[in-house]
Amino acid sequence: MKSIAVQVTNYQALPDERGHFGIYGGRYVPEMLFPALEELEAAYLEAKKDPAFHKELNDLYTHYSGRPTPLYFCSNLSRQLQGAKIYVKNEGLNHTGAHKINHCLGQALLAKRMGKRRIIAETGAGQHGLASATVAAKFGFQCVIYMGEVDVARQRPNVFWMERLGAEVRPVTFGNKTLTDAVNAALKDWIENVRDTYYLLGSAVGPHPYPTIVRDFQSVVGREVRKQLQEQEGRLPDYIIACVGGGSNAMGIFYEFLNEEKVRLIGVEAGGRGIRPGEHAARFQGGRLGVVEGFKSFFLQDEDGQIMKTHSVSAGLDYAGVGPEISYLWETGRIQASYATDEEALEALQILIRTEGIIPALESAHAVAEAIKLAPKLDRDKIIVVNLSGRGDKDIFIIAEALKDVKWQEFLKSKVNHPGHVT
């Protein structure tokens with residue numbers, strides 16, 4: 001690989017006061033949302049300086065969510081690949097099963113601090129929706145979750161639990177009926193109900209200050225990795241790999257290491273069925289610069305600027321855009337962008353399950369696939385850390401169908417034929 005050309009001395013100083021990472025980011029929204037975003041920014045800056053806020057958040061991380069999550073050495077997988085040591089940061093062991101709870105707890109405390117009574121959220125794979133519904137139940141908020149109709153169908157287990165937690169799940173029936181459309185629906189709701197509603201945005205995307213807020217709450221992941229790897233290996237990793245949808249889990253683990261030039265950072269996008277129009281969600285493989293959903297970044301667009309159809313076996317990675325900080329880091333060469341196809345992600349999932357007994361989310365399996373390709377090319381004293389952003393419970397229907405599991409298909413048929421039968 002080519003050496004990284006770091007073009008600024010302090011990546012952690014970004015964004016600027018207007019919410020820009022270079023040319024990316026910013027605040028491109030209807031005028032009526034400016035006061036709400038300014039209110040949010042002021043509340044966040046005030047909270048950042050308040051020791052009581054941090055104490056409450058850290059207490060929730062420790063006693064409610066279960067932090068710190070383990071940094072686990074995959075000895076079997078590393079030995080099988082005969083290359084670099086592979087560690088996984090197991091965010092799937094968080095309460096609700098993914099990293100999403102990190103920023104949901106932080107934003108719930110902000111909403112409470114701001115006196116909001118209602119939260120809205122968008123979700124694709126359902127993990128952010130589940131985490132949002134969870135904090136709404138804990139803190140007593142009314143909660144509405146927007147979810148593309150396609151994702152409602154393929155992530156039914158998460159929908160079931162969101163509803164049990166008291167959230168209203170509203171299927172989005174326009175556009176491609178996936179995550180991008182859910183974001184648009186949530187923004188429309190916020191415009192109409194801005195006075196009493198907090199938009200609990202689910203990734204490091206959207207208008208300023210959301211990319212910064214989500215990144216900051218997620219950065220606990222990278223801080224833990226630094227400490228844990230120092231205890232286990234006495235040094236920094238050589239590579240950090242994370243899947244990239246919007247960018248929340250990637251920025252969460254990358255941020256702590258942005259100014260560590262020797263640590264290579266790799267973001268893995270969804271290669272879907274291959275890099276052909278409408279068959280993938282790899283924004284750095286043919287994406288265009290644009291302004292969508294309140295921020296400037298790379299999006300998969302046609303020549304007329306319309307958002308293109310995307311595809312991924314993973315509901316959480318088929319977002320048509322990518323967070324502005326990820327775009328800036330890619331443009332400056334600080335991160336490398338890669339992609340894994342559906343087939344590669346499914347194969348990586350099965351390999352991790354069989355070698356280590358860990359069931360990753362399909363999103364995370366894309367990062368695992370990159371590690372499996374990279375490790376054999378490196379010396380055995382090199383260290384790779386993979387952000388395992390969630391566990392695979394939610395994906396059982398997708399995985400079983402993709403693997404054509406006959407026993408699972410027979411089970412589903414039996415439930416359809418005998419819906420009231422309990423074995």
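Predicted, not measured: the structure shown is a model, and the values here were computed from it. (Residues numbered from 1 in each chain as written. Predicted model: local features only at pLDDT ≥ 70, side-chain atom pairs only at ≥ 80, totals over all residues. Heavy atoms only, no water.)

## A word on the overall build of the protein chain
Across its full length, the protein chain holds 16 helices and 14 strands. A compact globule built from 423 residues should have a C-alpha radius of gyration of about 22 Å, and the protein chain, at 20 Å, falls within 12% of that. Oriented by its inertia axes, the alpha-carbon framework of the protein chain measures out at about 65 × 55 × 50 Å. Counting over 423 residues, the protein chain shows a buried share of 59%. Of the roughly 17700 Å² that the protein chain leaves accessible, carbon and sulfur atoms contribute 51%. Side chains of the protein chain give 49 positive and 51 negative charges; the mean places of these two sets differ by 3 Å. (Helix = DSSP H or I, 4+ residues; strand = E, 2+ residues; numbered from the N terminus. Rg over C-alpha atoms; globule rule 2.2 N^0.38 Å. Buried < 20%, exposed > 50% of the residue type's maximum accessible area, 1.4 Å probe, protein only. Areas by Shrake-Rupley, 256 points an atom, 1.4 Å probe, with all protein chains shown as cover. Lys, Arg positive; Asp, Glu negative; His and termini not counted. Charge placed at Lys NZ, Arg CZ, Asp CG, Glu CD.)

## Let's talk about the pattern of salt bridges
When the charged atoms of two side chains with opposite charge come close together, those side chains can pair. Applying the stated criterion across every chain yields a total of 30 salt bridges. For glutamate 224, the salt bridge goes to arginine 67, with nearest N and O atoms at 2.8 Å. Placement of the pair is glutamate 224 in helix α10 (residues 220–233) and arginine 67 in the loop between α2 (51–65) and β3 (71–73), with a sequence separation of 157 residues. Shared partners join several salt bridges into a network, and the residues in it are Lys48, Arg215, Asp216 and Glu325. (Salt bridge = Lys/Arg side-chain N within 4 Å of Asp/Glu carboxyl O.)

## Quick word on helix α5 (residues 127–139)
With 13 residues, α5 should cover 18 Å at 1.5 Å per step; its first-to-last C-alpha distance of 18 Å lies within 8% of that length. Counted residue by residue, α5 has 10 buried out of 13 residues, so it is predominantly covered. Residues of α5 that are buried: Gln127, His128, Gly129, Leu130, Ala131, Ser132, Ala133, Thr134, Val135 and Ala136. Looking at the packing, one finds that the buried side of α5 touches α2, α4 (100–113), β5 (118–123), β6 (142–148) and α7 (156–164). Directly after α5, the chain includes glycine 140, whose backbone phi takes a positive value near 80 degrees. (Expected span 1.5 Å × (residues − 1). Contact = heavy atoms within 4.5 Å.)

## Considering the state of the cysteines
According to the stated counting rule, one finds zero disulfides in the structure shown. Distance from the sulfur of cysteine 143, which forms no disulfide, to the nearest cysteine sulfur (cysteine 104) is 9.1 Å. (Disulfide = S-S within 2.5 Å.)

## Concerning the packing of α5 against α7
Remark: α5 packs on α7, axes separated minimally by 9 Å, with the N-to-C direction vectors making an angle of 10 degrees. Taken together, the axis directions place α5 and α7 in an arrangement best described as roughly parallel. Counted together, Gln127, Gly129, Leu130 and Ala133 of α5 and Asn158, Trp161 and Met162 of α7 form the full contact between these two elements. Its residues placed into classes, the contact of α5 with α7 shows four nonpolar, three polar and no charged. (Axes fitted to C-alpha atoms, helices over the stretch in contact; angles between N-to-C directions. Parallel < 35°, antiparallel > 145°, perpendicular 65-115°, else oblique. Nonpolar A, V, L, I, M, F, W, Y, C, P; charged D, E, K, R; others polar.)

## Observations regarding the confidence of the model for the protein chain
Low pLDDT marks stretches whose predicted atomic positions should not be read closely. With 97% of its residues at a pLDDT of at least 70, the protein chain reaches an overall mean of 95. Scored below 50 in pLDDT, residues 1–7 makes 18 contacts in the model with residues more than four places away or belonging to other chains. (pLDDT = per-residue confidence, 0-100.)

## Side note on α4
Between its first and last C-alpha, α4 extends 20 Å over 14 residues, near the 20 Å set by a 1.5 Å rise per residue. Of all 14 residues in α4, 12 are buried, a share of seventy percent or more. All of the buried residues along α4 are Lys100, Ile101, Asn102, His103, Cys104, Leu105, Gly106, Gln107, Ala108, Leu109, Leu110 and Ala111. At the C-terminal side of α4, glycine 115 shows a positive phi close to 80 degrees.

## Let's talk about the sheet that holds β3
The strand order across the open sheet formed by six strands is β3-β4-β14-β9-β10-β13, and the pairing between neighbours is mixed. Only two strands of the sheet have a single partner each, and these edge strands are β3 and β13 (335–341). Along the sheet, successive strands turn relative to each other by an average axial angle of 25 degrees, direction set aside. (Pairing = 2+ DSSP bridges.)

## Remarks on the sheet that holds β5
Ordered in space as β7-β6-β5-β8, the four strands form an open sheet in which the pairing is parallel. The strands lining the two open edges of the sheet, one partner per strand, are β7 (168–172) and β8 (197–199). On average, adjacent strands in this sheet sit at an angle of 25 degrees to one another, irrespective of strand direction. Alignment of β6 against β7, held across five bridges, turns out to be parallel. Across the sheet, the residue bridging to tyrosine 146 is arginine 170, located in β7. Against the sheet, helix α8 (residues 179–192) touches β5, β6, β7 and β8, its axis set at about 160 degrees to β5.

## Quick notes on the environment of leucine 412
Following the sequence through the fold, leucine 412 ends up in helix α16 (residues 406–417). It is 53 Å that separates the C-alpha atoms of leucine 412 and lysine 49, two residues lying 363 residues apart in sequence.

## Quick notes on the nonpolar core
Counting 90 residues, the largest nonpolar core has Leu110, Ile119, Trp190, Tyr198, Tyr199, Phe254 and Val385 as the members making the most contacts within it. Residues within four places of tyrosine 199 in sequence aside, it is in contact with Gln107, Ile120, Ala121, Glu122, Val183, Ala186, Leu187, Trp190 and Tyr210. The next biggest cluster of nonpolar side chains, apart from the first, holds 30 residues, and it includes Leu77, Ile86, Ala348 and Ile358. (Core = buried A, V, L, I, M, F, W, Y, C linked by side-chain atoms within 4.5 Å.)

## Some words on the packing of aromatic side chains
What the rule picks out here adds up to 16 aromatic pairs. Measuring from centroid to centroid gives 5.3 Å for phenylalanine 295 and phenylalanine 299, while their planes differ by 50 degrees, and the two rings are tilted. For phenylalanine 295, a relative accessible area of 0% gives the class buried. Through successive ring pairs, a cluster of aromatic residues spans Tyr24, Phe284, Phe298 and Trp330. The residue whose ring lies beneath lysine 138 is tyrosine 64, and the NZ or CZ to ring-centre distance is 5.2 Å. Lying across the ring of phenylalanine 160, arginine 164 places its NZ or CZ 4.6 Å from the centre. (Phe/Tyr/Trp six-rings, centres within 6.5 Å; stacked < 30°, edge-to-face > 60°. Lys NZ or Arg CZ within 6 Å of the ring centre and 35° of its normal.)

## Focus: the side chain of glutamine 107
Here glutamine 107 shows up in helix α4. The buried category is assigned to glutamine 107, whose relative accessible area is 0%. A distance of 3.0 Å separates the side chain of glutamine 107 from the backbone oxygen of leucine 201, its partner in a polar contact. (Polar contact = N/O pair within 3.5 Å; in protein donor to acceptor, adjacent residues only side chain to side chain.)

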